Amino acid sequence: MGPPEDSPVGHPMFARIRLATPSDVPHIHKMIHQMAVFERLTHLCSATENSLSSTLFSPTTKPFHSFTIFLLEVSPNPFTDSVITDPSFTPVVKVVHLDLPIDDPEKETFTTNAVNDVSVAGFVLFFPNYSTFLAKPGFYIEDLFVRDCFRRKGFGKMLLSTVAKQAVKMGYGRVEWVVLDWNVNAIKFYEEMGAKILHEWRVCRLTGDALEAYGIAD
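Here the residue numbers are simple positions, counted from 1 along each chain's written sequence. Reporting in this predicted model follows two pLDDT cut-offs: at least 70 for local features of residues, and 80 or more for side-chain atom pairs to be given and counted; totals over whole chains, interfaces and linings ignore these cut-offs and use all residues. Side-chain calculation: all heavy atoms of the structure are included, whereas hydrogens and water are not.

Under an unreviewed UniProt entry, the name given to the protein is N-acetyltransferase domain-containing protein, and the organism recorded is Arachis hypogaea.

Below you can see the structure in the form of C-alpha cells.
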C-alpha cells in the first residue's frame, strides 16, 4: 500500500531566509568568490572578509535602508533556533520536497549550525535606489547567488521573492538588477518570475583609474 495521496513524497529540505550578520561574512566571502568564478570575473574580484565586514556591517548600516543581505540556509531538519536579529524582518521558512537528497561536497565549509545540520546555500545582496519617474524608492539587487548543488530547486526564486515582498511591504515602486547576456538560464528564470529585460538600456560604470582621476586636483 502506498502513502496517502496528500502526503508529501521525496526528501524534505527545510529552507530559511534570514538577515545576515557579521558572523556570516566568511561564508558570504566564499560565495562571492564562487560567483566570480561562475561569471568568469575573478580578475575583478578584490573583496576580502575585512573589507566586506567594514562596509556591509558598519554601525551606520540599517537593514533595508542601506546594504542588506538575505542569507539562505538549508537543513534536513526543522529549524529550532531563533534568528530574529531585527524587528523589521521575520525569517522566511519553507519546506521543499526533493526527489533525491542533495549531495553537498562543501557542507562542512558552509555549516552554520552543526548540531542541527544547518548550512548556507545562497544569498542576495540589495540596497535602496530611487525612481524619479515613479517618485518612489526601490531596491537594486547587486548579487543573487545559489551554490551549485542547490540550483534548480526553487531557492533562487525564494530569495528573489523575499526581496520583492519586502519592497511591496515598504511601498517601494520596483526591484531592479542586471544579468549577463550569455546567462540564458538566468534570463529565462527572471522572465518567468515576471521581470522585463530592458534591451534598450546599457550599464555604465566609472571605476578604477578612471574614477580616481576625478580625485586629482585641477
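Q: I would appreciate a short explanation of the overall build of the protein in the present structure.
A: Secondary structure is summarised from DSSP: a helix means a run of H or I of at least four residues, a strand means a run of E of at least two, and numbering begins at the N terminus for each. When you go through the protein residue by residue, the secondary structure sums to five helices and seven strands. Starting at the N terminus and walking to the C terminus, you meet the elements of the protein as β-α-α-β-β-β-β-β-α-β-α-α. We compute the radius of gyration from the C-alpha atoms alone; for a globule the expected value is 2.2 Å times N to the 0.38, where N is the number of residues. A compact globule built from 218 residues should have a C-alpha radius of gyration of about 17 Å, and the protein, at 19 Å, falls within 12% of that. Considered along the principal axes of its C-alpha atoms, the protein spans approximately 80 × 35 × 35 Å. A burial count over the protein gives 35% of its 218 residues as buried. Of the contacts formed within the protein by residues at least 6 apart in sequence, a portion of 74% connects residues at least 24 apart. As displayed, the protein has an accessible area near 13,900 Å², and 56% of this comes from carbon and sulfur atoms. Two residue types count as positive, namely Lys and Arg, and two as negative, namely Asp and Glu; His and chain ends fall outside the count. To locate a charge, take atom NZ for lysine, CZ for arginine, CG for aspartate or CD for glutamate. Within the protein, one finds 20 positive and 25 negative side-chain charges whose respective centroids are separated by 5 Å. Buried, partly exposed and exposed residues are distinguished by accessible area as a fraction of the type maximum, computed with a 1.4 Å probe on protein chains only: under 20%, between the cut-offs, and over 50%, respectively. Here a residue-residue contact requires only that any non-hydrogen atoms of the pair lie within 4.5 Å. For the accessible areas, the method is Shrake-Rupley and the probe is 1.4 Å, while residue cover comes only from the protein chains on display.

Q: Help me understand the nonpolar core, please; the structure alone is not making it clear to me.
A: Most often, soluble globular proteins have nonpolar side chains that are buried together. Working definition of a nonpolar core: buried Ala, Val, Leu, Ile, Met, Phe, Trp, Tyr and Cys residues. They are joined through side-chain atoms within 4.5 Å. Counting residues in each nonpolar core, the largest one holds 29 residues, and the members touching the most others are Phe 70, Leu 72, Phe 126, Phe 150 and Phe 155. Contributions of two or more residues to this core are made by β1 (11-19), β2 (68-75), β3 (92-98), β5 (118-131), β6 (136-146), α3 (155-169) and α4 (184-192). Here Phe 155 is in contact with Met 13, Ala 15, Leu 72, Val 74, Val 96, Val 146 and Phe 150, once residues within four sequence places are set aside.

Q: Even after reading the chapter, I still don't get the environment of Thr 90, so can you show me in this structure?
A: Checked against the element boundaries, Thr 90 lands in the loop between β2 and β3. Put simply, Thr 90 and Arg 18 are 72 residues apart on the chain and 7.4 Å apart in space, counted from C-alpha to C-alpha.

Q: Any chance you could explain α4 here in plain terms?
A: Every α-helix carries 3.6 residues per turn, so stepping three or four residues along brings you back to the same face. All of the buried residues in α4 are Ala 186, Ile 187 and Tyr 190. Looking straight down α4, one finds that the buried residues subtend no more than 100° of arc, so they occupy a single side. Summarising the geometry of α4, the exposed residues directed more than 90 degrees from the buried face are Val 184, Asn 185, Lys 188 and Glu 192. On its buried face, α4 is in contact with β6 and α3. Each direction from the helix axis to a C-beta atom contributes to the arc, which is the arc of those directions.

Q: Explain the packing of aromatic side chains here, please?
A: The geometry of an aromatic ring pair is captured by two quantities: the separation of the ring centres and the angle between the planes. Pairing of aromatic side chains requires ring centres within 6.5 Å, counting the rings of Phe and Tyr and the six-membered ring of Trp. Pairs whose planes differ by under 30 degrees are stacked, by over 60 edge-to-face, and all others tilted. Throughout the structure, instances matching the rule amount to 14 aromatic pairs. Measuring from ring centre to ring centre gives 6.4 Å for Phe 123 and Phe 145, while their planes differ by 50°; the resulting arrangement is tilted. Residue Phe 123 is located in strand β5, and its partner Phe 145 is located in strand β6; the two are separated by 22 residues in the primary sequence. Comparing Phe 123 with Phe 145 shows no difference in burial state: the two are buried. For the pair Phe 189 and Tyr 190, a centre-to-centre distance of 5.3 Å together with 45° between the ring planes defines the contact as tilted. By the ring-pair criterion, three or more aromatic residues cluster together here, those being Phe 64, Phe 70, Phe 89, Phe 126, Phe 139 and Tyr 172. We call a charge positioned above a ring when the Lys NZ or Arg CZ atom is no farther than 6 Å from the ring centre and deviates by at most 35 degrees from the ring normal. Over the ring of Trp 182 we find Arg 40; its NZ or CZ atom is 4.1 Å from the centre of that ring. Note that Arg 151 overlies the ring of Phe 38, its terminal NZ or CZ placed 4.9 Å from the centroid.

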